[in-house]
Amino acid sequence: MGARQSRASSKDKGPKRMLFTGRRQKFSPWDDVLLSGRDPRSLLKRGMHHVSFSLVTRGMTDIPDFLWGLSEVQKLNLSHNQLRVLPPEVEKLSRIVVLNLCGNRLKSLPREVSLLQCLKVLFVNMNCLTEVPAELSLCRKLEVLSLSHNCLSQLPACFADLSRLRKLNLSNNFFAHIPMCVFSLKELIFLHMGSNRLENIAESIQHLASLQIFIAEGNNIHSFPRSLCLVTSLELLNLNNNDIQTLPSELHLLCRLVRIAWNPMDKGLHISHNPLSKPLPELVEGGLEMLFGYLKDKKHT
């Protein structure tokens, strides 16, 4: 009897030891939810405006398959992981309005992104993109697009069809010029081209009649084009850290620039760290009104 109890006791302990192994440590953060029998939809956050889902900073190299079944998701945050691929299954998230893929290792985006017809905001900054699919231009509701800190040198010409785009960030890439398609974006109010390889600003900049913020700091721009002075909606113009020596007499047309700005966040004209010819450096120190006055007087002499 004692022997049978001993054998029974050892059988009872066996399975417990198996469950107590380190296997659980291999489970990914969302496995706890699935193994407990909970519906992944229990992780959704239902706010006033969007149904959102977040898997930020989870160290993911792949996106969990259950995500593609959450068709009601409107705001998805997968930022700061180790994702190398965005699968074509992303097309199943047809209600997506905001998609954040910032801070991953993506080298491309799938063509299926074109099927996200509700998409308004897309962050793919801080990745490894060398190109952007032309199909993205089919997301006609897109209003905000951030592609900064990638390896881009051009955009598809069909991006001109993104007629609702209001904010575009192309900073910290390899652009040698502002892509021509950008000049067709009539609703654009924010354009960031900082830290690229620009040597000039095309005359076509004047077509961006709604532009309020234009940042092109940290390039190698040699001249301040007169056509830029025709963008009279500008409230913040940042041309710091370039190779500009002279300023156009028409600068006073930029009447919404309220000051010479020194703080990066301030509205106004940012023109520091350029080899401005004398007496421009002293006039800049004196403020925008003094600078405008000098340039207007110089035009009439």
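Above this text is the structure in question.
Below is a summary of the structure that appears in this document.

The rules we used
Residues numbered from 1 in each chain as written. Predicted model: local features only at pLDDT ≥ 70, side-chain atom pairs only at ≥ 80, totals over all residues. Heavy atoms only, no water. Salt bridge = Lys/Arg side-chain N within 4 Å of Asp/Glu carboxyl O. Helix = DSSP H or I, 4+ residues; strand = E, 2+ residues; numbered from the N terminus. Buried < 20%, exposed > 50% of the residue type's maximum accessible area, 1.4 Å probe, protein only. Pairing = 2+ DSSP bridges. Patch = residues over 30% accessible without salt bridge, like charges linked within 9 Å, V, L, I, M, F, W, Y side chains within 5 Å. Areas by Shrake-Rupley, 256 points an atom, 1.4 Å probe, with all protein chains shown as cover. Lys, Arg positive; Asp, Glu negative; His and termini not counted. Charge placed at Lys NZ, Arg CZ, Asp CG, Glu CD. Core = buried A, V, L, I, M, F, W, Y, C linked by side-chain atoms within 4.5 Å. Contact = heavy atoms within 4.5 Å.

## Concerning the pattern of salt bridges
Line of reasoning, step 1. Applying the stated criterion across every chain, the model contains six salt bridges.
Line of reasoning, step 2. Note that Glu-135 and Arg-111 form a salt bridge whose closest N and O atoms lie 3.8 Å from each other. On the criterion of sequence distance, the pair formed by Glu-135 in the loop between strand S5 (121-123) and strand S6 (144-146) and Arg-111 in the loop between strand S4 (98-100) and S5 is long-range, its members being 24 residues apart.
Line of reasoning, step 3. Classification of Glu-135 by relative accessible area gives partly exposed; the value is 23%.

## Thoughts on the pairing of strand S2 (residues 51-54)
A regular strand places its side chains on the two faces of the sheet in alternate fashion.
Line of reasoning, step 1. Because side chains alternate across S2, one face comprises the buried residues Val-51 and Phe-53, and the other comprises Ser-52 and Ser-54, none of which is buried.
Line of reasoning, step 2. The pairing of strand S1 (residues 45-46) with S2 spans two bridges and is antiparallel. Across the sheet, the residue bridging to Arg-46 is Val-51, located in S2.
Line of reasoning, step 3. Taking the residues that link successive antiparallel strands as the turn, the S1-S2 hairpin has four residues.
Line of reasoning, step 4. Two elements, S2 and strand S3 (residues 75-77), share three bridges in a ladder whose sense is parallel.

## Things to note about the sheet that holds strand S7 (residues 167-169)
Line of reasoning, step 1. A sheet is described by the order of its strands in space; here eleven strands give the open sequence S1-S2-S3-S4-S5-S6-S7-S8-S9-S10-S11, paired in mixed fashion. Strand pairing shows two members of the sheet lacking a second neighbour, S1 and strand S11 (268-270), which therefore form its edges.

## Here's the deal with a negative patch on the surface
Line of reasoning, step 1. Residues Asp-62, Asp-65, Glu-89 and Glu-91 make up a contiguous surface patch of negative charge.
Line of reasoning, step 2. Positionally, Asp-65 belongs in the loop between S2 and S3.
Line of reasoning, step 3. Overall, the relative accessible area of 64% leaves Asp-65 in the exposed class.

## Topic: the nonpolar core
Line of reasoning, step 1. With 81 residues, the main nonpolar core has Phe-214, Phe-224 and Leu-291 as its most contacted residues.
Line of reasoning, step 2. If you list the elements that add at least two residues to this core, you get S2, helix H3 (280-286) and helix H4 (288-300).
Line of reasoning, step 3. Considering every element that reaches this core, the biggest residue donor is H4, with four residues.

## A word on the environment of Ile-221
Line of reasoning, step 1. On the secondary structure map, Ile-221 appears in the loop between strand S9 (213-215) and strand S10 (236-238).
Line of reasoning, step 2. Given the relative accessible area of 0%, Ile-221 is considered buried.
Line of reasoning, step 3. Spatially, the C-alpha atoms of Ile-221 and Glu-199 are 4.0 Å apart, while their sequence positions differ by 22 residues.
Line of reasoning, step 4. Filtering out sequence-adjacent residues up to four positions away, Ile-221 remains in contact with Leu-198, Glu-199, Asn-200, Ile-201, Ala-216, Leu-239, Asn-242, Asp-243 and Ile-244.

## A few points about the environment of Gly-103
Line of reasoning, step 1. Relative to the assigned elements, Gly-103 resides in the loop between S4 and S5.
Line of reasoning, step 2. Residue class for Gly-103 comes out buried when judged on its relative accessible area of 15%.
Line of reasoning, step 3. The spatial distance from the C-alpha of Gly-103 to the C-alpha of Leu-78 is 8.8 Å, given a sequence separation of 25 residues.
Line of reasoning, step 4. Once residues lying within four places of it in the same chain are set aside, the contact partners of Gly-103 are His-80, Asn-81, Asn-125, Met-126 and Asn-127.

## Observations regarding unusual backbone geometry
Line of reasoning, step 1. That bond from Lys-278 to Pro-279 is cis: its omega, 5 degrees, falls within 30 degrees of zero.
Line of reasoning, step 2. Mapped onto the elements of the fold, Pro-279 is located in the loop between S11 and H3.
Line of reasoning, step 3. The phi angle at Ser-195 is positive, at roughly 55 degrees, despite the residue not being glycine.
Line of reasoning, step 4. Tracing the sequence through the fold places Ser-195 in the loop between strand S8 (190-192) and S9.

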